[in-house]
Amino acid sequence: MHASFPVDVDLALVGGGGAASLVLAALDRHDVTGLRVAVVDPVHKRGQDRTWAFWGLPGDDLDPLLSASWSQVDVVTPAGRRVLTLDPLRYAMLRSAPVYDRAAAAERRLDAVRISAPAGELRDDGERVTVRDPHGRDLVRAGWVLDSRPRRPGRPGRTSWLQHFRGWWLSADRPTFDPQRAVLMDFRTPQPQRGVSFGYVLPVDDRFALVEYTEFGPALLDDAGYDAALRGYADLLGLDLTALRVREVEDGVIPMTDGPFESRPSPRVVRLGTAGGATRPSTGFTFSAMLRQADQVALALAAGRPPVPAPAYPGRHLWMDAVALRALDRGHVGGVEFFERLFDRNPPERVLRFLDGVTRPAEDLAVMRSSPLLPMTGAVLGDAAGRLRARLRR
């Protein structure tokens, strides 16, 4: 804890997880100087507590931090296996420990103040923001606050699902995994009554890999359900779990909703990460948008501009996500069929760039044409009617 409160700074990061860590690293990378920074979080993140998987061009600033990367990935359905060549992109795995280490080093070089307390209310008078603790004590006064604490959408979505998962880091005494290829999605898993499930495999080397089971849907499983699903997926992969060691377990729940996240709740408060709309509603992918947000914030501050990133995804993509979520939720289209057609009828690079929210309108139309026409038309009409009803209620 800092000895004297409130601390006066130019920029306060409220929440110290992935989004804040990427901002700290970006401030350091873009050589932002003369900025008084505070980080407000009761926990100083360290070590391995999560794994991010994402795609992008090789040769960027993250390369030294990666645990593994692949130029080919597999998409598997009951009908067969597709090997997708991603050039010029690559699929990459980044574990949290090196990200937190880099953020800690940036914090030291920036001479940032670390306040190990939970943040409560943020009071924005249009000139300064006061960060209070849950008991009403003033902790920080800042010119700008970047708030990455998890929160619900500003209003409930018409469709609200979850991406929820459990993964085992499996270690073997002899070569077991193919380190040259990751399994991006394997839809041979038993499908839930409502939603879609898949497994995937991210090998670090031939004896160590993350094997994970994921569901998109409205309801979570219990511990026994996730473990049973993982054992079943290991059987599908031909893995003998009696010959493997579970070295770590990862769990997670990520919102998939067309409910809007308010990224600018007041003049000098900016939300980042999932709270700032970085989670793609149709897939739960978040990391690439968080990385973009961090770079945009740092570049803006380096240029003396307000640290306000662009919207994480184009409005047309959010509309397409709302339609896709509705179609999946109402059973207009099956999840396996939806993703199978997506990968079957588009170049891999287009699909991955679309999921990242960086495709052009002509590419978006090509993606839309790969969806089942009649079911998706019904979902479009249903979404339009739902928006109209919501507007009339408001």
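Each remark here, short or long, concerns the structure printed above.
Because the structure is a prediction, the values reported are computed rather than measured.

J.: Is there a simple way to explain the overall build of the chain in this structure?
T.: Within the chain one finds nine helices and 17 strands. Taking 21 Å as the expected radius of gyration for a compact globule of 394 residues, we find that the chain reaches 22 Å, a close match to that expectation. By principal-axis analysis of the C-alpha atoms, the chain measures approximately 65 × 60 × 40 Å. Scored against the burial criterion, the 394 residues of the chain give a buried share of 53%. Across the chain, contacts joining residues at least 24 apart in sequence account for 75% of those joining residues at least 6 apart. When the accessible surface of the chain is totalled, it reaches about 17,600 Å², and 51% of it is carbon and sulfur. Distance between charge centroids for the chain: 5 Å, based on 52 positive and 49 negative side chains.

J.: Please clarify how helix 8 (residues 361–369) should be interpreted in this entry.
T.: In an α-helix, one full turn covers 3.6 residues, which means residues spaced three or four apart are oriented alike. Looking at helix 8, one finds that the buried residues are Glu363, Asp364, Ala366 and Val367. Taken end-on, helix 8 shows its buried residues confined to a sector of 160 degrees, consistent with a single buried face. Set apart from the buried face of helix 8 by more than 90 degrees, the exposed residues are Ala362 and Arg369. Buried-residue contacts for helix 8 involve helix 5 (315–329), helix 6 (335–344) and helix 7 (348–356).

J.: Any chance you could explain the sheet that holds strand 4 (residues 68–70) here in plain terms?
T.: In sheet architecture, strand pairing relies on hydrogen bonds along the backbone and comes in two forms, parallel and antiparallel. Pairing is antiparallel across the open sheet formed by three strands, whose spatial order is 3-7-4. Each having just a single partner strand, strand 3 (51–56) and strand 4 make up the two edges of the open sheet. Strand-to-strand, the axes of this sheet are offset by a mean angle of 20 degrees, without reference to chain direction. Across six bridges, strand 3 lies against strand 7 (residues 90–95) in antiparallel orientation. Within strand 7, the position partnered with Trp52 by the bridge is Leu94.

J.: For this particular structure, what's the right way to read the environment of Arg114?
T.: When you line up the elements, Arg114 lands in strand 8 (residues 113–115). Spatially, the C-alpha atoms of Arg114 and Val204 are 34 Å apart, while their sequence positions differ by 90 residues. For Arg114, the side chain forms a polar contact with the side chain of Glu107, separated by 2.9 Å.

J.: Help me out: how do you make sense of helix 2 (residues 96–110) in this one?
T.: Taking 1.5 Å of rise per residue, 15 residues should cover 21 Å, and helix 2 covers 21 Å from first to last C-alpha, within 8% of that figure. Along helix 2, the residues classified as buried are Ser96, Ala97, Val99, Tyr100, Ala103, Ala104, Ala105, Ala106, Glu107 and Leu110. Looking at the buried positions of helix 2, the neighbouring elements they touch are helix 1 (18–29), strand 2 (37–40), strand 3, strand 7 and strand 8.

J.: Where do I start with the packing of aromatic side chains in this structure?
T.: Any two aromatic rings considered together are summarised by their centre-to-centre distance and by the angle between their planes. Within the structure shown, the criterion is met by 12 aromatic pairs. Between the aromatic rings of Trp52 and Phe287, the centroid separation amounts to 5.4 Å while the plane-to-plane angle is 35 degrees, which identifies the pairing as tilted. Here Trp52, found in strand 3, pairs with Phe287, found in helix 4 (residues 287–302); they are 235 residues apart in sequence, far enough to count as distant. When its relative accessible area of 11% is taken as the criterion, Trp52 is described as buried. When its relative accessible area of 4% is taken as the criterion, Phe287 is described as buried. Through a chain of ring-to-ring contacts, the aromatic side chains of Phe187, Phe198, Tyr200, Phe216, Phe338 and Phe339 assemble into a single cluster. Sitting over the face of the ring of Phe208, Arg247 holds its NZ or CZ atom 4.2 Å from the ring centroid.

J.: How do you make sense of the sheet that holds strand 13 (residues 182–186) when you look at a structure like this?
T.: An order of 6-5-13-14-15-12-16 is seen for the seven strands of this open sheet, with the pairing classed as mixed. Across the chains shown, the open sheet's two edge strands, defined by having one partner strand only, are strand 6 (80–85) and strand 16 (244–257). The average undirected angle you get between the axes of adjacent strands in this sheet is 15 degrees. With four bridges connecting them, strand 5 (residues 72–77) and strand 13 associate as parallel partners. Paired with Val75 across the two strands is Met185, which belongs to strand 13.

J.: When you look at the packing of helix 1 against helix 2 in this model, what are you seeing that I'm missing?
T.: When two helices pack together, you describe them by how their axes are tilted relative to each other and by the distance separating the axes. Remark: helix 1 packs on helix 2, axes separated minimally by 8 Å, with the N-to-C direction vectors making an angle of 50 degrees. Compared by their axis directions, helix 1 and helix 2 come out oblique. Judged by the sense of rotation from one axis to the other, the crossing of helix 1 with helix 2 is left-handed. Between helix 1, through Gly18, Ser21, Leu22, Leu24, Ala25, Leu27 and Asp28, and helix 2, the contact on the second element is made entirely by Val99, Tyr100, Arg102, Ala103, Ala106, Glu107, Arg109 and Leu110.

J.: Can you help me understand the pairing of strand 2 in this one?
T.: Note on strand geometry: in a regular strand, side chains alternate between the two faces of the sheet. Residues Val37 and Val39 point to one face of strand 2 and Ala38 and Val40 to the other, with burial holding for every one of them. Across four bridges, the pairing between strand 1 (residues 7–14) and strand 2 is parallel. By the bridge assignment, Leu11 is partnered in strand 2 with Val37. You can see the chain leave strand 1, run along helix 1 and come back into strand 2, and the turn it takes is right-handed. Taken together, the three bridges between strand 2 and strand 8 define a ladder with parallel strand orientation. Each residue of the ladder has a partner; that of Ala38, found in strand 8, is Val113.

J.: What should I look at first to understand the pattern of salt bridges in this one?
T.: Close approach of charged atoms allows side chains of opposite charge to pair. The tally for this structure, following the rule as stated, stands at 37 salt bridges. Taking the shortest distance from any N to any O, the salt bridge between Asp147 and Arg151 comes out at 3.1 Å. Salt-bridge contacts for Arg353 lead to Glu363; the nearest nitrogen and oxygen are separated by 2.6 Å. One end of the pair, Arg353, is in helix 7; the other, Glu363, is in helix 8, with 10 residues separating them in the sequence.

How each quantity is defined
- Residues numbered from 1 in each chain as written.
- Predicted model: local features only at pLDDT ≥ 70, side-chain atom pairs only at ≥ 80, totals over all residues.
- Heavy atoms only, no water.
- Helix = DSSP H or I, 4+ residues; strand = E, 2+ residues; numbered from the N terminus.
- Rg over C-alpha atoms; globule rule 2.2 N^0.38 Å.
- Buried < 20%, exposed > 50% of the residue type's maximum accessible area, 1.4 Å probe, protein only.
- Contact = heavy atoms within 4.5 Å.
- Areas by Shrake-Rupley, 256 points an atom, 1.4 Å probe, with all protein chains shown as cover.
- Lys, Arg positive; Asp, Glu negative; His and termini not counted.
- Charge placed at Lys NZ, Arg CZ, Asp CG, Glu CD.
- Arc of directions from axis to C-beta.
- Pairing = 2+ DSSP bridges.
- Axes fitted to C-alpha atoms, helices over the stretch in contact; angles between N-to-C directions.
- Polar contact = N/O pair within 3.5 Å; in protein donor to acceptor, adjacent residues only side chain to side chain.
- Expected span 1.5 Å × (residues − 1).
- Phe/Tyr/Trp six-rings, centres within 6.5 Å; stacked < 30°, edge-to-face > 60°.
- Lys NZ or Arg CZ within 6 Å of the ring centre and 35° of its normal.
- Parallel < 35°, antiparallel > 145°, perpendicular 65-115°, else oblique.
- Left-handed = near helix turned anticlockwise from the far one by under 90°.
- Right-handed = clockwise from strand over helix to strand, strands pointing away.
- Salt bridge = Lys/Arg side-chain N within 4 Å of Asp/Glu carboxyl O.

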